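# Descriptive analysis of the structure
Each chain, written out:
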Amino acid sequence: MQKWDAPIIDYVHYLNQQNFKAQTVISRLGTIKLFFEDGNINGWFKISPHLIRLEDYPKSVKPLPRYIPEEVIKQLNQHIDKLPEQLMRMTLVLQECGLRIG
């Protein structure tokens, strides 16, 4: 074990113990990993490229889709003829395809 191994391992452990969002931990670990790679390539220092490993990164949680409540869709469809023609068409296409604007 080199002199940098223990602090890095401790930092990885610290990140995983915090209530950070997965993307925050991924970003911080990625930045450190990139710094180590650059340091090794440019000869600034010699650190094992395996200090930060793939399993140190948290799994990204894919959010579930948020559905528009059925009652809201019914209200929209009851008054869809009041929308400008272009918006009416776009709304109908989005409903039929199941797509979300965002």
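Whatever comes next refers back to the structure up there.
None of the values given here were measured: they were computed from a predicted structure. (Residues numbered from 1 in each chain as written. Predicted model: local features only at pLDDT ≥ 70, side-chain atom pairs only at ≥ 80, totals over all residues. Heavy atoms only, no water.)

## Focus on the packing of aromatic side chains
Where two aromatic rings form a pair, the distance of their centres and the angle of their planes describe that pair. Operational definition: Ring pairs are drawn from Phe, Tyr and Trp, using the six-membered ring of Trp, whenever the two centres fall within 6.5 Å, and their geometry is named by plane angle: stacked under 30 degrees, edge-to-face over 60, tilted for the rest. What counts as a helix is a DSSP run of H or I of at least four residues, what counts as a strand is a run of E of at least two, and both are numbered from the N terminus. Distance and angle both matter: a charge sits over a ring if NZ of Lys or CZ of Arg is within 6 Å of the ring centre and within 35 degrees of the ring normal.
The final tally for this structure, using the stated rule, is four aromatic pairs. Summarising the aromatic geometry, the rings of Tyr11 and Tyr14 are spaced 6.2 Å apart at their centres and angled 25 degrees between planes, so their arrangement reads as stacked. Of this pair, Tyr11 and Tyr14 both sit in helix 1 (residues 5-17), separated by three residues, roughly a single helical turn. Over the aromatic face of Phe20 sits the side chain of Arg28, whose NZ or CZ is 4.7 Å from the ring centroid.

## Structural notes on the nonpolar core
Put simply, the rule reads: For the purposes of this section, nonpolar cores are sets of buried Ala, Val, Leu, Ile, Met, Phe, Trp, Tyr and Cys residues that join through side-chain atoms within 4.5 Å. Accessibility here uses a 1.4 Å probe with only protein chains present; expressed as a share of the type maximum, an area under 20% marks a residue as buried, one over 50% as exposed, and anything in between as partly exposed. Only heavy atoms enter the contact rule, under which two residues are in contact if any of them lie within 4.5 Å.
In terms of nonpolar packing, the biggest core is built from eleven residues, these being Ile8, Val12, Leu15, Val25, Leu29, Ile32, Phe36, Ile47, Leu51, Ile52 and Tyr57. Only helix 1 and helix 2 (22-42) provide two or more residues apiece to this core. Here the element with the most residues in this core is helix 2; it accounts for four residues. Not counting chain neighbours up to four residues away, the residues in contact with Val25 comprise Leu15, Asn16, Phe20 and Pro58.

## Remarks on the packing of helix 1 against helix 2
Let me state the cut-off plainly: Every axis in this analysis is a line fitted to C-alpha atoms, fitted for helices over the stretch in contact. Angles between the N-to-C directions lie between 0 and 180 degrees. Each angle receives one of four descriptions, namely roughly parallel if under 35 degrees, roughly antiparallel if over 145, roughly perpendicular if within 65 to 115, and oblique otherwise. In a left-handed crossing the near helix is turned counterclockwise from the far helix by less than a right angle, and in a right-handed crossing that turn is clockwise. Classification used: nonpolar for Ala, Val, Leu, Ile, Met, Phe, Trp, Tyr, Cys and Pro, charged for Asp, Glu, Lys and Arg, polar for all others including Gly.
Look at helix 1 against helix 2: their axes get within 10 Å of each other, and the N-to-C directions meet at 165 degrees. The orientation of helix 1 relative to helix 2 falls into the category roughly antiparallel. Helix-helix and strand crossings are classified by hand; for helix 1 and helix 2 the assignment is left-handed. Here helix 1 contributes Ile8, Tyr11, Val12, Leu15 and Asn16 to the contact with helix 2, which in turn contributes Val25, Arg28, Leu29, Ile32 and Phe36. A breakdown of the residues in the contact of helix 1 with helix 2 according to their chemical character gives eight nonpolar, one polar and one charged.

## Focus on the side chain of Thr91
Looking at the element boundaries, Thr91 is found in helix 4 (residues 85-97). With near-sequence residues (within four places) excluded, Thr91 lies in contact with Leu76, Ile80 and Leu83.

## Observations concerning the side chain of Asn40
Using the following cut-off: Any pair of nitrogen or oxygen atoms within 3.5 Å is treated as a polar contact; in protein, a donor-acceptor pairing is required on top of that, and neighbouring residues in sequence qualify only through side-chain atoms on both sides.
Tracing the sequence through the fold places Asn40 in helix 2. The exposure class assigned to Asn40 is buried, which follows from its relative accessible area of 19%. Polar side-chain contacts of Asn40 include one of 2.7 Å to the backbone oxygen of Ile47. Sequence-distant contacts of Asn40, defined by excluding residues within four places in its chain, comprise Phe45, Lys46 and Ile47.

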